[in-house]
Amino acid sequence: MKIALVGYGKMGREIEKIALSRGHEIVSIIDVDNEADFDSEAFKSAAVAIEFTSPHSALNNFRRCFAAGVPVVAGTTGWLEHLDEVKQACEKDGKTFFYASNFSLGVNIFFALNKYLAKIMNQYPDYEVKMEEVHHIHKLDAPSGTAITLAEGVLENIARKNSWKLETAESDSDLPIHCIRRGEVPGIHEIIYESEVDTISIKHDAKSRKGFALGAVVAAEFTAGKKGLLGMDDMLKF
Ligand SMILES: NC(=O)c1ccc[n+]([C@@H]2O[C@H](COP(=O)([O-])OP(=O)(O)OC[C@H]3O[C@@H](n4cnc5c(N)ncnc54)[C@H](O)[C@@H]3O)[C@@H](O)[C@H]2O)c1
């Protein structure tokens, strides 16, 4: 399959290696110095573009992929305030867009476990819940996209919690998320339930970026030839 890469940083390079090892062809690589290549025939020939750039540039990149008629698999986090525009492009203009706050299979298993645990904990108000996430010092957004998805899984299932808050809870109905930026950590997420008598916690610790990159390439294989707004739930069907 012909794949275009938008963003050739840590993730773009890891995705290139995995895509080649799975027999795909990289027809175009776009980064800050060659944005004109969105209009190139090579870019337009791609079956899918995989986008891992930065929160500020993501939306414009999606628009340029849509204009070139190339479906997008998006991994960039921190742009979700623009989700409605992307949804509209899919629903009204027939564009194709796959987004995951985290492409790793392990994290998506963890998302399901988080929801299941939250459903149980809904019945036990003696437990207070909080989250901790740790990432490398280069990360631009906080909390991480993965932490936001985990928080949504808790809020959907625990009636006594209504919203997440960065760092400190302002009321009993808040879920606090503590963000730590340290060294080159690829990503650690922990959800902690604490009562007077004990602590229950579940934790995902990524050993490298390989799991994210593999998931993004598998998502690109899934997305090619499909229409609409897609996500990990459509692909994994747990
Ligand atoms: N969804 C996931 O599974 C997942 C996993 C890891 C990282 N991420 C996210 O992916 C994004 C990228 O992560 P990274 O570690 O590769 O970052 P990085 O800083 O190593 O690479 C980003 C690249 O994007 C390029 N870029 C910036 N603006 C651009 C533009 N307008 N057009 C084209 N290229 C542009 C930069 O020059 C750089 O090469 C971040 O938002 C990160 O949070 C998501």
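For clarity, every value in this text was computed on a predicted model and none was experimentally measured. (Residues numbered from 1 in each chain as written. Predicted model: local features only at pLDDT ≥ 70, side-chain atom pairs only at ≥ 80, totals over all residues. Heavy atoms only, no water.)

1. Some remarks on the site of the ligand
Among the 22 residues in the neighbourhood of the ligand, the closest are listed as K10, M11, D31, T77 and F103. Backbone polar atom of K10 to an oxygen atom of the ligand: 2.9 Å apart, as the coordinates give it. At a separation of 2.5 Å, an oxygen atom of the ligand approaches a polar side-chain atom of D31. For the ligand, whose accessible area on its own is 860 Å², the fraction buried by protein is 81%. The residue inventory of the shell around the ligand, partitioned by class, reads eight nonpolar, ten polar and four charged. (Near = heavy atom within 4 Å. Polar contact = N/O pair within 3.5 Å; in protein donor to acceptor, adjacent residues only side chain to side chain. Areas by Shrake-Rupley, 256 points an atom, 1.4 Å probe, with all protein chains shown as cover. Nonpolar A, V, L, I, M, F, W, Y, C, P; charged D, E, K, R; others polar.)

2. Looking at the pairing of strand β6 (residues 128-135)
Bridging between β6 and strand β9 (residues 188-194) involves seven bridges; their strand directions are antiparallel. Bridged to E132 within β9 is E190. Alignment of β6 against strand β8 (residues 174-181), held across five bridges, turns out to be parallel. The residue of β8 that forms the bridge with M131 is I177. (Pairing = 2+ DSSP bridges. Helix = DSSP H or I, 4+ residues; strand = E, 2+ residues; numbered from the N terminus.)

3. As for the pattern of salt bridges
Evaluated as defined, the whole model comprises nine salt bridges. The salt bridge partner of D174 is K165, with a shortest N-O separation of 3.4 Å. Its relative accessible area of 3% is what places D174 among the buried residues. Classification of K165 as partly exposed rests on a relative accessible area of 23%. (Salt bridge = Lys/Arg side-chain N within 4 Å of Asp/Glu carboxyl O. Buried < 20%, exposed > 50% of the residue type's maximum accessible area, 1.4 Å probe, protein only.)

4. Some remarks on the packing of helix α1 (residues 10-21) against helix α7 (residues 210-223)
Interaxial distance between α1 and α7 falls to 9 Å at its minimum, and their mutual angle equals 60°. In terms of axis orientation, α1 runs oblique to α7. Once α1 is placed against α7, the crossing between them reads as right-handed. Counted together, M11, E14, I15, I18 and A19 of α1 and K210, F212, A213, L214, A216 and V217 of α7 form the full contact between these two elements. Along the lines of polarity and charge, the residues of the contact of α1 with α7 split into nine nonpolar, no polar and two charged. (Axes fitted to C-alpha atoms, helices over the stretch in contact; angles between N-to-C directions. Parallel < 35°, antiparallel > 145°, perpendicular 65-115°, else oblique. Left-handed = near helix turned anticlockwise from the far one by under 90°. Contact = heavy atoms within 4.5 Å.)

5. Points about the state of the cysteines
Throughout this description, disulfide means a covalent bond between two cysteine sulfur atoms. The tally for this structure, following the rule as stated, stands at zero disulfides. Note on C90: no disulfide assigned, nearest cysteine sulfur contributed by C65 at a separation of 12 Å. With relative accessibility at 6%, the residue C90 sits in the buried group. (Disulfide = S-S within 2.5 Å.)

6. Focus on helix α4 (residues 83-93)
Buried within α4 are the following residues: V86, A89 and C90. Axial view of α4: buried residues confined to an arc of 90°, hence all on one face. For α4, the exposed residues lying more than 90 degrees away from the buried face are D84, E91 and K92. Buried-residue contacts for α4 involve α3 (58-67), β5 (96-99) and β11 (228-230). Of the residues trailing α4, G94 is marked for its positive phi of about 70°. (Arc of directions from axis to C-beta.)

7. Thoughts on the nonpolar core
Grouped together as the largest cluster of nonpolar side chains are 25 residues, with contacts concentrated most on I15, I50, F52, V73, F98 and F103. Looking at this core, the elements that each hand over two or more residues are β1 (2-6), α1, β3 (48-51), α7 and α8 (232-236). Per-element tally for this core: the top contributor is α7, with seven residues. Counting residues in each nonpolar core, the second largest holds 23 residues, with V27, A49, C65 and F66 among its members. (Core = buried A, V, L, I, M, F, W, Y, C linked by side-chain atoms within 4.5 Å.)

8. Looking at a nonpolar patch on the surface
On the surface, a cluster of nonpolar side chains totalling about 340 Å² of accessible area is made up of L105, I109 and F238. As for its position among the elements, F238 is in the segment after α8. (Patch = residues over 30% accessible without salt bridge, like charges linked within 9 Å, V, L, I, M, F, W, Y side chains within 5 Å.)

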